[in-house]
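# Summary of structural features
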There are 2 protein chains.
Amino acid sequence: MTVFLVGAGPGDPGLLTVRGLELVRSCDALVYDVLVAPELVEEAPDDAILISRESVRQEELNELLVELGRTGLDVVRLKGGDPFVFGRGGEEVEALAEAGVPWEVVPGVSAMSAVPASAGIPVTHRGVSAQVTLVSGHSASGEDLDFAQLASAPGTLVVFMGLAHLSAIAAGLIAAGKDRHTPAAVVSRGTLADGQSVRGELWDVARLAADLASPALLVVGDVVALAYASESVSTRAGFARS
Amino acid sequence: MTVFLVGAGPGDPGLLTVRGLELVRSCDALVYDVLVAPELVEEAPDDAILISRESVRQEELNELLVELGRTGLDVVRLKGGDPFVFGRGGEEVEALAEAGVPWEVVPGVSAMSAVPASAGIPVTHRGVSAQVTLVSGHSASGEDLDFAQLASAPGTLVVFMGLAHLSAIAAGLIAAGKDRHTPAAVVSRGTLADGQSVRGELWDVARLAADLASPALLVVGDVVALAYASESVSTRAGFARS
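Notes on the structure in this doc start here. Because the structure is a prediction, the values reported are computed rather than measured.

How each quantity is defined
- Residues numbered from 1 in each chain as written.
- Chains lettered and ligands numbered in written order.
- Predicted model: local features only at pLDDT ≥ 70, side-chain atom pairs only at ≥ 80, totals over all residues.
- Heavy atoms only, no water.
- Salt bridge = Lys/Arg side-chain N within 4 Å of Asp/Glu carboxyl O.
- Buried < 20%, exposed > 50% of the residue type's maximum accessible area, 1.4 Å probe, protein only.
- Helix = DSSP H or I, 4+ residues; strand = E, 2+ residues; numbered from the N terminus.
- Pairing = 2+ DSSP bridges.
- Contact = heavy atoms within 4.5 Å.
- Buried area = accessible area lost by both parts, 1.4 Å probe.
- Polar contact = N/O pair within 3.5 Å; in protein donor to acceptor, adjacent residues only side chain to side chain.
- Nonpolar A, V, L, I, M, F, W, Y, C, P; charged D, E, K, R; others polar.

Here we take up the pattern of salt bridges. Side chains that differ in sign of charge can pair as their charged atoms come close. Following the criterion strictly, the structure yields 18 salt bridges over all chains and no others. The closest approach of N and O atoms between B:R57 and B:E59, which form a salt bridge, is 3.3 Å. Note that B:R88 is salt-bridged to B:E91, the shortest N-O span being 2.9 Å. Here B:R88 falls in the partly exposed class, since its relative accessible area comes to 28%. Judged by its relative accessible area of 11%, B:E91 falls in the buried class. Bridged by salt links that share partners, the residues A:D33, A:R77, A:K79 and A:E92 form one connected network.

Have a look at this one:
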């Protein structure tokens, strides 16, 4: 009788939480994002109602969750990453709360640090980065990025969903005063078996990333140039069905 | 024959990843932080070497991990939150990489979004916050916070480990031009059974949080004032030993 917003993590199914897996395994209905690992969808009970979120607009999805929640069934809304980090989970919770449907958020591993980590890059490092700024390349609020403010931010900048606008983002940051030689990386499909990453500097990272697939994260900052960050550490935990 | 840096998540043992739990259950040696849930330490094999990190300085710890790694045993270094988000995991990896010891990072759920979520607060929300800035209240690099830069950042500000300096942080932000009426919350021991939170505005949040215990997170931004954020949603998944 609750709608659980569960973060599925950044891609690798092994990065779902223990609590999240328990909820998927015991749910009555599962509404899942396209980017959620198929292995996780398969963990739902054989007779659970399965609903792919693909091609459902956000407003319709909110309404669907309210309707499902009102039936009294246990509903799991399985979302990529963390529901509250550029996941529009807030809008779903808002609709549920307004309708009086009980809800709970089960946090997930955000791509924010897991995707850079899959390329060996830490978003913080003593003496190198003590601040992290997260933005979305296509802002959920429709606002443009404030390049002047972002260019002045110390530490690490992480841009979600910026692959389509990499050149414009890099150019905007450089025009606003960010050093064009700031180390930068793009990590594509991080934590997945076909993950790839490129490293360069702000001025050339878009060119280097031309062939990468989405979803991808742009990381800008000196952490990209740490010695150990250049080791290949791509791993995929996979998922053993038990 | 690998040292796995595993993120244990923000406190609730149910928020460990599936992959992390598998590694804990099969390790030869487990080195764990004080803040890691005891239930997780109990998941290690009965004959695993257990080492509490308490009262071990970072440099000694790095050395210890190298020594353990060189034995060829599977070592799990279980860290609160995510290893690469203010977790000093980078320093441990650096020591391992320099010594030629194989290492792998298994990301965890960061307190960054999970702790605010435990009080119903999303760090991003369409139309309200499309940017998140993370800093540490006692900077790992020893630098002071750049209040002018932080005060100009749109969206949500999340301050880790800031409980001891709440008044100074709030005063610094207000002095640098941040609206003193900006909604602000402190979430103490978020995701744990004894978690507590207070909400107010930047000018009074330190006073409201006077009795809260660490670890705690300061959240500053309009997301704190969202209607559904005021609902009590504190939950603790707990952990069923299987």
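All names here are of chain A. Of all five residues that make up strand β1 (residues 3-7), five are buried, and the element is covered over most of its length. Judged by which residues are buried, β1 turns out to be covered on both faces: V3, L5 and G7 on one side and F4 and V6 on the other are all buried. When β1 meets strand β5 (residues 103-106), the two strands line up parallel, connected through four bridges. Of the residues in β5, the one forming a bridge with L5 is V105. Inspection of the sheet shows β1 paired to strand β4 (residues 75-79) by five bridges, in the parallel sense. Its bridge partner lying in β4, L5 is registered against R77.

Right, let's get into the interface of chain B and chain A. Contacts between the two partners involve 60 residues from chain B, matched on the other side by 61 residues from chain A. Between chain B and chain A, roughly 4,800 Å² of surface is buried when both sides are summed, and carbon and sulfur atoms account for 64% of that area. Interface area lost by chain B to chain A is led by B:V18, B:F84 and B:R126, which between them contribute 13%. Counting across the chain B and chain A interface gives zero salt bridges. Where chain B meets chain A, there are 18 residue pairs in polar contact (both at pLDDT 80 or more). If you tally residues by element for the side of chain B that touches chain A, the top one is strand β6 (residues 131-136) of chain B, at six residues. Class assignment of the residues belonging to the side of chain B that touches chain A gives a composition of 33 nonpolar, 19 polar and eight charged. Sheet topology note: the strand β6 (residues 131-136) of chain A/β6(B) ladder contains five bridges and is antiparallel.

These values are about where atoms sit, not about what they do.
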